[in-house]
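Chains, contacts and geometry: an overview
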Amino acid sequence: MKTRIYSLFLGLAFLAGVHQVFAQGTGFFRISGPAASGIIAFNADGTMIWTNALPSTNYTIQTLSSLPGGTHWVDYVQLPVTNRINTNLLISFHPPAGMALIPAGTFTMGDTLDGESDAIPTNIYVSAFYMDVNLVSWSQWQTVNSYATNHGYHFFTNTTYAVYQADGKAANHPVQTVDWFDCVKWSNARSMQAGLTPVYYTDAGFTHIYTNGEVAPYMNLAANGYRLPTEAEWEKAARGGLSGQRFPWGDTISWSQANYYGYPGSLGGYAYDLATAIDYDPAFSGGDSGNYPYTSPVNYFAPNGYGLYDMAGNVWQWCWGWYWSYGSAAQTDPHGLTSGSTVVCRGGDHEDNAPFCRTAHREQASLSYADAYLGFRTVLPLGQ
C-alpha cells in the first residue's frame, strides 16, 4: 500500500512564551501514513491526539521548524498503530533539567550501508524516556563525585589495564577516562543527590545500593533514578527521528559536525567523510605539529533532531548491557543479555575516523577499561 501524507499543521510557536523548555525545536507536526488521519488536539502536557488511523499499520510523525514556505519536513518518530484514535507524547515542555524527551516509537536499529556484520537491521520499539542533552561534563562529574565520596561511594583509580583517574580537558568538556563501573556508581550517586531512587544494586532483591567495588550490578527498572541507556535507547536517541542514515544528521560527516579523525574520500579515504585533511580535527588538536588531539566542549556542534549533542564523535559513550548479537527479530525495549564479558559503547570519539562515528556502529570494551576517549550520558524514566 502506497504511503500518503495527510497533514494537519499544528503550530507550537504560541506556546513558546509559556514553555521555554523546548529544546527539540519542533515548530510544526504532520502525519504521514497509509490512510487519511487528522490531529484533533494537542494538550498542554505535550500529548497529541489524532484519529482515523488504520490499525495494524505504521505512521510517521514529521516536523518542520517554520511555516509558511517550509518544505524540509523531517521524520520525528515512527508509530505502530493498533487503534483508530491514538494519544502520543511527542514533546516535553518541562523535562528534567538538562534533558530531552525521546518519544516512544519504533525505529530500525542497525543498517547495511557499510557492511556492519554485527548491526543487522531490525525493528525495535522503545518506550519514551529522557536523555541528557549533553555528555556528562567534567564539572558535572566533579559535583556529583564530591557528594558521592561523602556518602560512602568509592571510585577506582586503577584497573587491570592502567592507573587512571577521571579527568576532563575543561569544565565544559566531557568527563573522560571513566570505566563502566564508575559510571554506574556515579549514576546512583546522582540519583541520591537528586532525591531519586537509585537503579543499581548488588543483590537481586534491590536492598543494597551499588556504591563500591567492581561488580556487575542488578538493575531495578521500577526505580526512578538515573541510569545508563540501553543500546537500543542510545541508537534510537542518536538517530533523532531519522531512518537509514549513517550519522545523526544525514549520510556524510565533516569537521563542522563532529570531532573525529578525518580520512576523506577526496584523499583516498571514505566517500562519506568530507573532512579537508587526513588528520585530527584542527580545532581540537595541534594537527601535524604533533600535539595530541583532545575533546570538544559538550555542546560545540549542532544537536540532532531530538536536541542531543555529541551523538557522534568526541568520546565513546558507555551503554547498559552486555555486548550481544541482537538478531533480526522485532523486539520491544530490549536490554540485552544478563551476563557476558564485555559491554557496549557507542558513538565514536575524537581519535577515531568516520566509520566508528556511524550511528549503527557497535563497539565493545571490558567493564574496567578506561581511557581518554571514553565518557557517557544518562537517562531517566518518564514521570520526573
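Everything numeric here is computed off the predicted structure, so don't read it as measured data.

**A word on the overall build of the protein chain**
Counting secondary structure elements, the protein chain contains four helices and 21 strands. Looking at the protein chain residue by residue over its 384 residues, the buried ones come to 54%. Within the protein chain, counting contacts between residues at least 6 apart in sequence, those at least 24 apart form 66% of the total. Accessible surface, the protein chain as shown: approximately 15,700 Å² in total, 52% of it carbon and sulfur.

**Observations concerning the state of the cysteines**
Under the defined criterion, the tally for this structure stands at zero disulfides. Among the cysteines around Cys-319, which has no disulfide bond, Cys-345 carries the closest sulfur, lying 7.7 Å off.

**Observations regarding the packing of helix H1 (residues 138-149) against helix H2 (residues 180-193)**
Their axes nearest at 9 Å, the elements H1 and H2 cross at an angle of 75 degrees. When the axes of H1 and H2 are compared, the pair comes out roughly perpendicular. Facing H1, whose interface residues are Gln-140, Trp-141, Thr-143, Val-144, Asn-145, Tyr-147 and Ala-148, H2 presents Asp-182, Trp-186, Ala-189, Arg-190, Met-192 and Gln-193. A breakdown of the residues in the contact of H1 with H2 according to their chemical character gives seven nonpolar, four polar and two charged.

**Considering the pairing of strand S10 (residues 122-126)**
The side chains of a regular strand alternate, first on one face of the sheet and then on the other. A one-sided burial pattern is seen for S10, the buried positions being Thr-122, Ile-124 and Val-126 and the unburied ones Asn-123 and Tyr-125. In this structure, strand S9 (residues 105-109) lies alongside S10, joined through five bridges in antiparallel fashion. Pairing of Phe-107 across the sheet is with Ile-124, part of S10. Pairing geometry for S10 and strand S17 (residues 331-332), over two bridges, is parallel.

**Considerations on the environment of Tyr-323**
With respect to the helices, strands and loops of the structure, Tyr-323 is situated in the loop between strand S16 (316-322) and S17. The partly exposed category is assigned to Tyr-323, whose relative accessible area is 22%. With 16 residues separating them along the chain, Tyr-323 and Ser-339 place their C-alpha atoms 9.2 Å apart. In this structure, Tyr-323 is in contact with Asp-118, Leu-337, Thr-342, Val-343, Val-344, Arg-362, Glu-363 and Gln-364, ignoring residues within four places of it in sequence.

**Quick word on the side chain of Asp-310**
Within the fold, Asp-310 resides in the loop between strand S15 (279-280) and S16. Among buried charged residues, Asp-310 stands out as having no salt bridge; its nearest opposite-charge side chain is Arg-377, 5.5 Å away. If sequence neighbours within four positions are ignored, Asp-310 has contacts with Leu-135, Ser-296, Pro-297, Val-298, Asn-299, Phe-301, Gln-317 and Arg-377.

**Quick word on the sheet that holds strand S11 (residues 129-132)**
Spatially, the three strands line up as an open sheet ordered S8-S11-S21, and their pairing is antiparallel. In this open sheet, the two edge strands, each paired with only one partner strand, are strand S8 (99-102) and strand S21 (379-380). For S8 and S11, the ladder comprises four bridges, and the chain directions are antiparallel. Among the inter-strand pairings, Ile-102 is bridged to a residue of S11, identified as Phe-129. Contacts from helix H3 (residues 231-239) reach S8, S11 and S21, with the element oriented near 75 degrees to S11.

**Considering the pattern of salt bridges**
Taken as a whole and assessed by the stated rule, the structure comprises 14 salt bridges. A salt bridge links Asp-114 to Arg-246; its shortest N-O distance comes to 2.8 Å. Pair noted here: Asp-114 is in the loop between S9 and S10 and Arg-246 is in the loop between H3 and strand S14 (261-262), with a separation of 132 residues, a long-range link. Residue class for Asp-114 comes out partly exposed when judged on its relative accessible area of 33%. The class of Arg-246 is buried, set by a relative accessible area of 14%. Across the pair Glu-235 and Arg-346 runs a salt bridge, and its minimum N-O distance is 2.7 Å.

**Considering the packing of aromatic side chains**
Under the counting rule described, the total for this entry stands at 24 aromatic pairs. Aromatic pair Tyr-300 and Phe-301: ring centres 4.8 Å apart, planes at 75 degrees, arrangement edge-to-face. Lying over the aromatic face of Tyr-294, Lys-169 brings its terminal NZ or CZ to 4.2 Å of the ring centre. Taking NZ or CZ as reference, Arg-190 lies 3.8 Å from the ring centre of Tyr-226, over its face.

**Topic: empty space enclosed by the protein**
Overall, the coordinates contain two cavities of 30 Å³ or more when judged by the stated rule. Reported here for the largest cavity is a volume of approximately 90 Å³. What lines the largest cavity is a set of 15 residues, and nearest its centre among them are Glu-231, Ala-232, Trp-324, Pro-334 and Gly-336. For the lining of the largest cavity, the secondary structure elements donating two or more residues are H3 and S16. Residue contributions to the lining of the largest cavity peak at three residues, all from S16. Volume-wise, the second largest cavity comes out at about 70 Å³. Lining of the second largest cavity is provided by Pro-248, Trp-249, Gln-257, Phe-301, Ala-302, Pro-303, Asn-304, Leu-308, Asp-310, Met-311 and Ala-312. Partitioning the lining of the second largest cavity into residue classes produces eight nonpolar, two polar and one charged.

Rules and cut-offs
Residues numbered from 1 in each chain as written. Predicted model: local features only at pLDDT ≥ 70, side-chain atom pairs only at ≥ 80, totals over all residues. Heavy atoms only, no water. Helix = DSSP H or I, 4+ residues; strand = E, 2+ residues; numbered from the N terminus. Buried < 20%, exposed > 50% of the residue type's maximum accessible area, 1.4 Å probe, protein only. Contact = heavy atoms within 4.5 Å. Areas by Shrake-Rupley, 256 points an atom, 1.4 Å probe, with all protein chains shown as cover. Disulfide = S-S within 2.5 Å. Axes fitted to C-alpha atoms, helices over the stretch in contact; angles between N-to-C directions. Parallel < 35°, antiparallel > 145°, perpendicular 65-115°, else oblique. Nonpolar A, V, L, I, M, F, W, Y, C, P; charged D, E, K, R; others polar. Pairing = 2+ DSSP bridges. Lys, Arg positive; Asp, Glu negative; His and termini not counted. Salt bridge = Lys/Arg side-chain N within 4 Å of Asp/Glu carboxyl O. Phe/Tyr/Trp six-rings, centres within 6.5 Å; stacked < 30°, edge-to-face > 60°. Lys NZ or Arg CZ within 6 Å of the ring centre and 35° of its normal. 1 Å grid on protein atoms, 1.4 Å probe; cavity = no way out; pocket = protein on both sides within 12 Å on 5 of 7 lines; lining within 4 Å. Points joined across faces, edges and corners; volume = space filled by probe spheres on them.

Note that all results are geometric; they support no functional claim without further evidence.
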